[in-house]
Each structure stands twice: as structure tokens, then as C-alpha cells.
Amino acid sequence: MNILDKIVAHKRKEVEERAERVPLKQLEYYRHYDISRPSFSKAIRESDTGIIAEFKRRSPSKGDINPGAVAAKVAPGYENAGAACMSVLTDSEFFGGNNDDLTSARDACSLPIIRKEFIIDPYQIYEARAIGASAILLIGAILDRRQTLDLATLANSLGLEVLFEIHEEKELDLLNSFIQLVGINNRNLKTFEVDIDQSMRLAARLPKEMLAVAESGISSPDEYIALREAGFKGFLMGEYFMKHSDPAAVCRDFCETVRSKITIA
Ligand SMILES: O=P(O)(O)OC[C@@H](O)[C@@H](O)c1c[nH]c2ccccc12
């Protein structure tokens, strides 16, 4: 079984258990809860950096990255550094995160936040809304066309935007009009291989009306600039920031460097 299959199998059990503890009816109430911040895609469009800075303690591919990191400290740091948005991994088993990380990040800053999860069930979308996310991730490698449509429609109806992640060109067939952002993951979630050129290769194939996001493995200002020139507006970066004891300081330096390069260009 590859790692993605393992994560999904575990997720199915987890969602079942959660739904027993907190019934969907109870979560539904939060659809009226006001998150009051700009939409995720608007924040990217209007920011100069377009950086979606991620909070991630560990990953199956890298092991521990920053096990003791505190979301409520990192979040305002990312905001002051110049990130457009934030991404919070809420998976506990494989990424060492949890829902409280997202809520405390949300309370500590005013950036729109995407819930980084392996979403396979509507329950998780109600949950994303309840914990204060502005957007959700849907992963093409684990969904079919029908599921993608159902989940994206539900997300939009709850006021959540959708970042749809693809890794291969054939997954473009899964896109629908309830998706606001399309992300190209440079990391193959089944093998963990990272190839930054994946974003470059698929860039020209992306529908023009969707905001394009390059994800994973971005580790230098030059890579960022090359992706920007290829048409990407959003840049999802985790490990490069999180592997340092002060992720926000690294984010600030990165934003400053790329800003100076953008102005010159
Ligand atoms: O830490 P990186 O290489 O900068 O990558 C961030 C982000 O793209 C990555 O965490 C990610 C992209 N898609 C995912 C899906 C599930 C879990 C994690 C991810």
C-alpha cells in the first residue's frame, strides 16, 4: 500500500469516529459563524508576494520538521512577514497537526487560512467551516469527478473556497466551476518525489479563469521568480520556513528578497 492509500484508509476511520463524537447536526450550526476576513483567492490576488505560508510540524516524507512549533506564534509572524494567506495541516497521525492549530492560528492573525486535509467526506467540510477555515484543499489523486463536484459544491455553499490539487495532467479533467484555485503539487504523494518542473510543465495547461498555485519544494527566490514568470499567482511553501526555529523570520527574509526582485523585473 502506498502512503497516500494508508493516509486515506486511516482518514476514513478517523472521520467515522469523529462523527460519532460530534454529530454533523452540531457542526452545521457553525455555517452562520462569521469569519470576517478577505476571501482566500482575493488575498492572493491583492498581495504582492502571493505566498501561502504553511504550518506543518512533521510529514511522512521528512519526519520531524518542527515538532514543538506553536501555531498562535507562527501565524502573526507569517502575517507580518508579508504572506498572503496561511495553510494549516490539521492531520494528526501523519503530520502532527490538529484542528486547534487552525483555530488558534485564525484567532492570532487576520490572514485567510486553508485547511490542509485529506478530504474524502462532507463531514470534513462542515468541520473546516466550524474551525474557521476560509478555504479547503481537495486532492485530485484521491477523488473522482462526482466526489470532486459534490465536495466543491458543498464547500462553496458554506462560503469556503476550493483549492484543487493536481499532480498529473489527466487530473485536469476533474475540474469544475466550484473550484476557485488550482494547485500543482510538485510532490508526488504516492512516492514523495519532488520535481519543481512539474509546475512548469503543467502551467500552460491550466484554465485561465482559475488562480494557479505552485505547491511544494519551493526553496529559493529564483525558483519562486521562475514560477511567477510561468504564470503562477500563489506559492504554497511549508518546509522551507518550518524547518527553522523561527519560521516567520525566514518567511520575512524570503518576502523581502522576492519583493526586491519583482520590483526590478
Ligand atoms: O513543505 P513544502 O515542500 O514547501 O510543501 C508545502 C505543501 O505544498 C505540502 O505540505 C502539501 C501539498 N499538498 C499536500 C497535501 C497533503 C499534505 C501536504 C501537502
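The rules behind these values
- Residues numbered from 1 in each chain as written.
- Predicted model: local features only at pLDDT ≥ 70, side-chain atom pairs only at ≥ 80, totals over all residues.
- UniProt positions renumbered as here; feature names shortened; annotations may be inferred.
- Near = placed C-beta within 6 Å.
- Nonpolar A, V, L, I, M, F, W, Y, C, P; charged D, E, K, R; others polar.
- Core = buried A, V, L, I, M, F, W, Y, C linked by C-beta atoms within 7 Å.
- Buried ≥ 20, exposed ≤ 12 C-beta atoms within 10 Å, placed from the backbone.
- Contact = placed C-beta atoms within 7 Å.
- Helix = DSSP H or I, 4+ residues; strand = E, 2+ residues; numbered from the N terminus.
- Right-handed = clockwise from strand over helix to strand, strands pointing away.
- Pairing = 2+ DSSP bridges.

Per an unreviewed UniProt entry, the chain goes by Indole-3-glycerol phosphate synthase and derives from Xiashengella succiniciproducens. Per UniProt, the chain has the following entry under Sequence similarities (unreviewed entry): "Belongs to the TrpC family." Listed in UniProt under the heading Catalytic activity (unreviewed entry), the comment for the chain reads: "1-(2-carboxyphenylamino)-1-deoxy-D-ribulose 5-phosphate + H(+) = (1S,2R)-1-C-(indol-3-yl)glycerol 3-phosphate + CO2 + H2O".

### Looking at the site of the ligand
Around the ligand, the structure places 15 residues, and the nearest of them are Glu215, Ser216, Leu236, Gly238 and Glu239. For the shell around the ligand, a count of residues per class yields 5 nonpolar, 4 polar and 6 charged.

### Focus: the nonpolar core
Among the nonpolar cores identified, the biggest contains 75 residues, and Ile52, Ala83, Cys85, Met86 and Ile136 are the most heavily contacted of them. Aside from chain neighbours lying at most four places away, what touches isoleucine 136 is Ile114, Arg115, Ile119, Ile125, Ala128, Ala155, Leu160 and Val162.

### Considering the pairing of strand E5 (residues 113-116)
Burial along E5 is two-sided: the residues Ile113 and Arg115 and Ile114 and Lys116 are all buried. In this fold, the crossover linking strand E4 (residues 85-89) to E5 by way of helix H5 (residues 99-108) has right-handed handedness. Pairing of E5 with strand E6 (residues 135-139) involves 2 bridges; the strand directions are parallel. Its bridge partner lying in E6, arginine 115 is registered against isoleucine 136.

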